[in-house]
Amino acid sequence: MRSIYPRVERSLFKSFKANNKALVNVLIITLIFLQPLVLLFNLLPGYFVLQGDFLSAPFWLAVFLLGFCSYCTSAIYHHVVAPKYYSWIVLLAGKKRFLIRYCWAQFKFAVPTWLFMFIGFVYSELNFKTISVLLAVIALHLVFYLFLARHTLQKVGSNKAYQSVTGLLAISFIKSVLLHLLLYGFLMMLLLTTLAFIPHFNTKLILAICLGGGLVVLLVTIAKIMMGNLRIHRSFLILIHPKLYTSVRASIGVAVGVLIIIPIFSGFWLDV
Amino acid sequence: MTALNLQNISLSFSGVPVFTGTSCEILSGKYRLLGANGSGKSTLINMFCGLVQPNSGVVTQIEMADLVSDTLVIPPDLSVFAIFSLYDKYQRNDKNLREQLIADFGFGDYLYKTYGNLSQGNKQKLKLILALSGNSTWLFLDEAFNGLDAASIEVLNGVIASSTRPIMLVDHAQTCSFEGMKTLRIENCGLSILE
């Protein structure tokens, strides 16, 4: 019998995967595109951090990259493994077990960061300084996760008060499309960076196609999610005003339509 | 048995005070918690269970308390059987008492269903079975009669009357028929024990 935390975590991952098939596919594509980039940069972030040269610019750039990577994985984990079951876990298994399991789960989920760090060892000399830096990074992460776990536990059950329906809709839309925005944005950045390094191509054309195509796919996906989200609030909106639902839906449609046209015109602007 | 202590507790949500410098000692016993809607009854219970922390002051918090409340959300895809197995893993239930409660509440047919597929009343019954057969010192029942049918209400009243554990109960509809309860009242951001 699994412990309660991994059991709940697995169930949440399963339901997230079932509800976000497109997102999971994009994640797989992103991971595939990540590989050439990683090879291009020779996995240097881990190397520079492990060197521990606090006065050099590459060290701080590497710290920023690893920090960003770590923050992204933590935010994604927090988004997927929703805290609504935490009260039950704490009452059943106790706070200590919860904190340990939460920190361990977050630590495991930060695989990309650890991968960058550990592959940096290949290029670094294994000495006291390298090991100290690595241990400091791990300790820093664990302290952050512990803080996050305690903070999340305190916030369970307290909902944000929205002063207007527009605010509620805006936040619920932003929350639901945030992961898509992050992942698509990251994928497009990877595509552009990778393609920019490929010689013998009309770079401008590739850039325009990538930008336009990526933006259209992103906007269509976001529009689909927003429409789905709007359907959830349909009866509530209709009860406020019969035409509110249709007008919000039409506004989203128009906004997405306009935003889709922009990349096409930007293609003309780039003279492609 | 553990007494519950509040020492100079202050707590507010979004600037609205719930408790301001409240102190009280609640000795072991059976208590009915009264107060207007939004006065902080569930918050007080959650505070004793360690699910809410006061802004200042000291409160007795029961680690792994037995609680029936709407704030407890159980993953919908777990089967009832799996939930029982989890409670057994952490040795949280008296198995014999649980079997007895399953029979008394007429819950035997639902053991292999998932939590999400249970009706509102059966979800409440499951939470009750888990809490009533628990081995924590205190038993906290926050609107525990909600959604129960007449037969189950009778069973729950019987369990409350015969239980030797200290109990704190929130029961707005006054469905609980046990009369030997002391009263706790939350009023004007404070807590008092009524004789």
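Residues numbered from 1 in each chain as written. Chains lettered and ligands numbered in written order. Predicted model: local features only at pLDDT ≥ 70, side-chain atom pairs only at ≥ 80, totals over all residues. Heavy atoms only, no water.

**Student:** What am I meant to see in the overall build of chain A here?
**Tutor:** Along chain A, the regular secondary structure elements total twelve helices and zero strands. Listed by position from the N terminus, the elements making up chain A come as α-α-α-α-α-α-α-α-α-α-α-α. Of all 272 residues assigned to chain A, the portion counted as buried reaches 38%. Taking contacts inside chain A between residues at least 6 apart in sequence as the whole, the part at least 24 apart equals 79%. Here chain A displays about 16300 Å² of accessible surface, and carbon together with sulfur accounts for 73% of that area. (Helix = DSSP H or I, 4+ residues; strand = E, 2+ residues; numbered from the N terminus. Buried < 20%, exposed > 50% of the residue type's maximum accessible area, 1.4 Å probe, protein only. Contact = heavy atoms within 4.5 Å. Areas by Shrake-Rupley, 256 points an atom, 1.4 Å probe, with all protein chains shown as cover.)

**Student:** It is not clear to me how the overall build of chain B should be interpreted in this structure. Could you clarify?
**Tutor:** A count of helices and strands for chain B gives five helices and nine strands. Reading chain B from its N end, one meets helices and strands in the order β-β-β-α-β-β-α-α-α-β-α-β-β-β. For chain B, the spread of C-alpha atoms along the three principal axes comes to 50 × 35 × 30 Å. Expressed as a percentage of the 195 residues in chain B, the buried residues total 54%. Pairs at least 24 apart in sequence give 68% of the contacts found in chain B among residues at least 6 apart. Accessible surface for chain B amounts to roughly 8600 Å². Of this, 48% is attributable to carbon and sulfur atoms.

**Student:** Would you mind showing me how to read the state of the cysteines here?
**Tutor:** Should the sulfur atoms of two cysteines be covalently bonded, the bond is a disulfide. Residue and element names in this part refer to chain B. Here the structure, examined in full by the defined rule, presents zero disulfides over all chains. With no disulfide of its own, Cys49 lies closest to Cys24 among cysteine sulfurs, the gap being 16 Å. On the basis of relative accessible area, Cys49 is assigned to the buried category, the value being 4%. The thiol sulfur of Cys176 is not disulfide-bonded, and the nearest other cysteine sulfur, from Cys49, lies at 18 Å. Overall, the relative accessible area of 6% leaves Cys176 in the buried class. (Disulfide = S-S within 2.5 Å.)

**Student:** Mind showing me how you'd approach the nonpolar core here?
**Tutor:** One recurring pattern in soluble globular proteins is that nonpolar side chains are buried together. Among the nonpolar cores identified, the biggest contains 86 residues, and Trp88 and Phe98 of chain A together with Ile26, Phe140 and Met168 of chain B are the most heavily contacted of them. Residue contributions to this core peak at seven residues, all from helix H5 (residues 86-93) of chain A. Those residues in contact with Phe98 of chain A, other than ones at most four positions away along the chain, are Tyr5, Tyr86, Ile89, Val90, Ala149 and Leu153 of chain A. Of all hydrophobic cores here, the second largest spans 20 residues; its members include Leu23, Ile222, Ala223 and Leu230 of chain A. (Core = buried A, V, L, I, M, F, W, Y, C linked by side-chain atoms within 4.5 Å.)

**Student:** What is the right way to look at H5 of chain A in this model?
**Tutor:** Structurally, the α-helix is built with 3.6 residues per turn, so residues lying three or four positions apart point the same way. With respect to burial, H5 of chain A is a largely interior element, eight of its eight residues being buried. For H5 of chain A, the complete set of buried residues consists of Tyr86, Ser87, Trp88, Ile89, Val90, Leu91, Leu92 and Ala93 of chain A. Looking at the packing, one finds that the buried side of H5 of chain A touches helix H1 (4-19), helix H6 (95-109) and helix H8 (128-155) of chain A together with strand E5 (66-68) and helix H2 (80-89) of chain B. Gly94 of chain A sits one or two positions beyond H5 of chain A and adopts a positive phi of about 95 degrees.

**Student:** Would you take a moment to explain the interface of chain A and chain B for this structure?
**Tutor:** Many authors give the size of an interface as the accessible area that is lost as the parts come together. Taken together, the contact pairs 21 residues of chain A with 24 residues of chain B. Between chain A and chain B, the buried area comes to about 2100 Å², and carbon and sulfur atoms account for 66% of it. Here chain A is connected to chain B by zero salt bridges. Counting across the chain A and chain B interface gives six residue pairs in polar contact (both at pLDDT 80 or more). Taken together, the elements giving at least two residues each to the side of chain A that touches chain B come down to H1, H5, H6 and H8 of chain A. The element contributing the most residues to the side of chain A that touches chain B is H5 of chain A, with six residues. Grouping the constituent residues of the side of chain A that touches chain B by class yields ten nonpolar, five polar and six charged. (Buried area = accessible area lost by both parts, 1.4 Å probe. Salt bridge = Lys/Arg side-chain N within 4 Å of Asp/Glu carboxyl O. Polar contact = N/O pair within 3.5 Å; in protein donor to acceptor, adjacent residues only side chain to side chain. Nonpolar A, V, L, I, M, F, W, Y, C, P; charged D, E, K, R; others polar.)

**Student:** It is not clear to me how unusual backbone geometry should be interpreted in this structure. Could you clarify?
**Tutor:** A negative phi angle is the norm for most residues apart from glycine, just as the trans form is the norm for most peptide bonds. Although it is not a glycine, Gln91 of chain B sits at a positive phi angle of roughly 50 degrees. Of note, Glu143 of chain B is a non-glycine position whose phi angle comes to about 50 degrees, a positive value.

**Student:** Explanation requested: H2 of chain B in the structure shown.
**Tutor:** A large share of H2 of chain B lies buried, amounting to seven of its ten residues. Within H2 of chain B, the full set of buried residues consists of Val80, Ala82, Ile83, Phe84, Ser85, Leu86 and Tyr87 of chain B. In this structure, the buried residues of H2 of chain B make contact with H1 and H5 of chain A together with helix H3 (95-104) and helix H4 (120-132) of chain B. Just past H2 of chain B, the residue Gln91 of chain B takes up positive phi, approximately 50 degrees.

**Student:** Just checking my understanding: could you explain a nonpolar patch on the surface for this structure?
**Tutor:** A cluster of nonpolar side chains, namely Phe54, Leu55, Trp60 and Val63 of chain A, defines an oily patch on the protein surface of about 480 Å² accessible area. Considering the arrangement of structural elements, one finds Val63 of chain A in helix H4 (residues 57-80). (Patch = residues over 30% accessible without salt bridge, like charges linked within 9 Å, V, L, I, M, F, W, Y side chains within 5 Å.)

**Student:** Got a minute to help me understand the pairing of strand E3 (residues 30-34) of chain B in this structure?
**Tutor:** Regular strands have side chains that alternate between both faces of the sheet. All names here are of chain B. For E3, the buried fraction is high: four of the five residues fall into the buried class. Two elements, E3 and strand E7 (residues 167-170), share three bridges in a ladder whose sense is parallel. Residue pairing in the sheet places Lys30 in a bridge with Ile167 of E7. (Pairing = 2+ DSSP bridges.)

**Student:** Is there a simple way to think about the packing of H1 of chain A against H6 of chain A in this case?
**Tutor:** To characterise two packed helices, one gives the angle between the axes of the helices and the distance between these axes. All names here are of chain A. Their axes nearest at 10 Å, the elements H1 and H6 cross at an angle of 45 degrees. Looking at the two axes, H1 sits oblique to H6. Crossing geometry of H1 relative to H6 is assigned as right-handed. Residues Tyr5, Pro6, Glu9 and Phe13 of H1 lie in contact with H6, whose contacting residues are Phe98, Arg101, Tyr102, Ala105 and Phe109. (Axes fitted to C-alpha atoms, helices over the stretch in contact; angles between N-to-C directions. Parallel < 35°, antiparallel > 145°, perpendicular 65-115°, else oblique. Left-handed = near helix turned anticlockwise from the far one by under 90°.)

**Student:** Looking at this structure, how should I read the packing of aromatic side chains?
**Tutor:** The way to describe two aromatic rings as a pair is by their centre distance and the angle between their planes. Throughout the structure, instances matching the rule amount to 20 aromatic pairs over all chains. Relative to Tyr86 of chain A, the ring of Tyr5 of chain A lies with its centre 6.5 Å away and its plane at 25 degrees, an arrangement referred to as stacked. With Tyr5 of chain A in helix H1 and Tyr86 of chain A in helix H5, this pair connects stretches of sequence that are 81 residues apart. Overall, the relative accessible area of 1% leaves Tyr86 of chain A in the buried class. In textbook terms, an aromatic cluster arises when at least three aromatic residues are bridged by ring pairs, as seen for Tyr5, Phe13, Tyr77, Tyr86, Phe98, Tyr102 and Phe109 of chain A. Looking at Lys123 of chain B, its charged tip hangs above the ring of Tyr115 of chain B, at a distance of 5.4 Å from the centre. (Phe/Tyr/Trp six-rings, centres within 6.5 Å; stacked < 30°, edge-to-face > 60°. Lys NZ or Arg CZ within 6 Å of the ring centre and 35° of its normal.)

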